[in-house]
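Okay, here's what each chain looks like letter by letter:
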Amino acid sequence: MGISISHGVSSTRSATTIANLGQHLAHTFNSGEWREVVELFGGGFADSVSIPPRQAGRIGVLLHRAARHRLMLADWGDLAVVIGNAASAAERAGENWEWS
């Protein structure tokens, strides 16, 4: 299944790719931060979700920070940046960030 992510992610990503990114993110986040993103990256994403702008902005900050973490592999960090940029763009536009 391909997952579409609004606000700048140019192509769909497989659910497996998103879950694999989640495994890498889990190593860079504390438990509270992980709870903020587990709905998207925990491997159970199967529907659509609409994330309010403020929450999208927070997720963008977390993804950008994770991308720079010493435990994050470069390729996964690049994907975290792409998705984090989309989250930040949704916040700046004052629009919900859509995943479907």
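These numbers come from a predicted model, not from an experiment.

Caption draft 1: Here's a closer look at the side chain of Ser-88. Its place among the elements puts Ser-88 in helix 4 (residues 74-93). Residue classification places Ser-88 among the buried positions, given a relative accessible area of 15%. Filtering out sequence-adjacent residues up to four positions away, Ser-88 remains in contact with Gly-60 and His-64.

Caption draft 2: Broad picture of helix 1 (residues 15-26). The terminal C-alpha atoms of helix 1 lie 16 Å apart, and with 12 residues this matches the ideal 16 Å at 1.5 Å per residue to within 8%. Within helix 1 the residues assigned to the buried category are Ile-18, Leu-21, Gly-22 and Leu-25. Across the axial projection of helix 1, the buried residues extend over an arc of 110 degrees, all falling on one side. Across from the buried face of helix 1, at angles greater than 90 degrees, the exposed residues are Thr-16 and Gln-23. Of the surrounding elements, those touching the buried residues of helix 1 are strand 1 (2-3), strand 2 (13-14), helix 2 (31-41), helix 3 (53-67), helix 4 and strand 4 (97-99).

Caption draft 3: Seen up close, unusual backbone geometry. Positive phi is not limited to glycine here, since His-7 has a value of about 70 degrees. In this structure, His-7 sits in the loop between strand 1 and strand 2. For His-7, a relative accessible area of 24% gives the class partly exposed.

Caption draft 4: Examining the packing of helix 2 against helix 3 more closely. Where helix 2 meets helix 3, the closest approach of the two axes is 11 Å, and the angle between their N-to-C directions is 100 degrees. Between helix 2 and helix 3, the interaxial angle falls into the category roughly perpendicular. Of helix 3, the residues touching helix 2 (which contributes Glu-33, Glu-36, Val-37, Leu-40 and Phe-41) are Gln-55, Arg-58, Ile-59, Leu-62, Leu-63 and Arg-65.

Caption draft 5: Fine view of the nonpolar core. Judged by nonpolar contacts, the single largest core of 28 residues is most densely connected at Leu-40, Phe-41, Ile-83, Trp-97 and Trp-99. If you list the elements that add at least two residues to this core, you get helix 1, helix 2, strand 3 (49-51), helix 3, helix 4 and strand 4.

Thresholds applied
Per chain, the residues get numbers from 1 upward, laid out in the order the sequence is written. Restriction of local features to residues with pLDDT of at least 70 applies here, the model being predicted, together with a cutoff of 80 or more for giving and counting side-chain atom pairs; totals for whole chains, interfaces and linings are based on all residues. Excluded from the side-chain calculations are hydrogens and water; all other atoms, namely the structure's heavy atoms, are used. Helix and strand labels come from DSSP, where a helix needs a run of H or I of at least four residues and a strand needs a run of E of at least two; each type is numbered from the N terminus. Whether a residue is buried, partly exposed or exposed follows from its accessible area with a 1.4 Å probe, protein chains only, as a fraction of its type maximum: under 20%, in between, or over 50%, in that order. Residue contacts are defined here by distance: any two heavy atoms, one from each residue, within 4.5 Å place the two residues in contact. The span one expects for a helix is its residue count, reduced by one, times 1.5 Å. To obtain the arc, one takes the directions from the helix axis to the C-beta atoms. Helix axes are fitted only over the stretch in contact, all axes being lines through C-alpha atoms; the angle between N-to-C directions runs from 0 to 180 degrees. For classification purposes, angles smaller than 35 degrees are called roughly parallel, those larger than 145 roughly antiparallel, those between 65 and 115 roughly perpendicular, and all remaining angles oblique. Only buried residues count toward a nonpolar core. Its members are Ala, Val, Leu, Ile, Met, Phe, Trp, Tyr and Cys residues joined through side-chain atoms within 4.5 Å.

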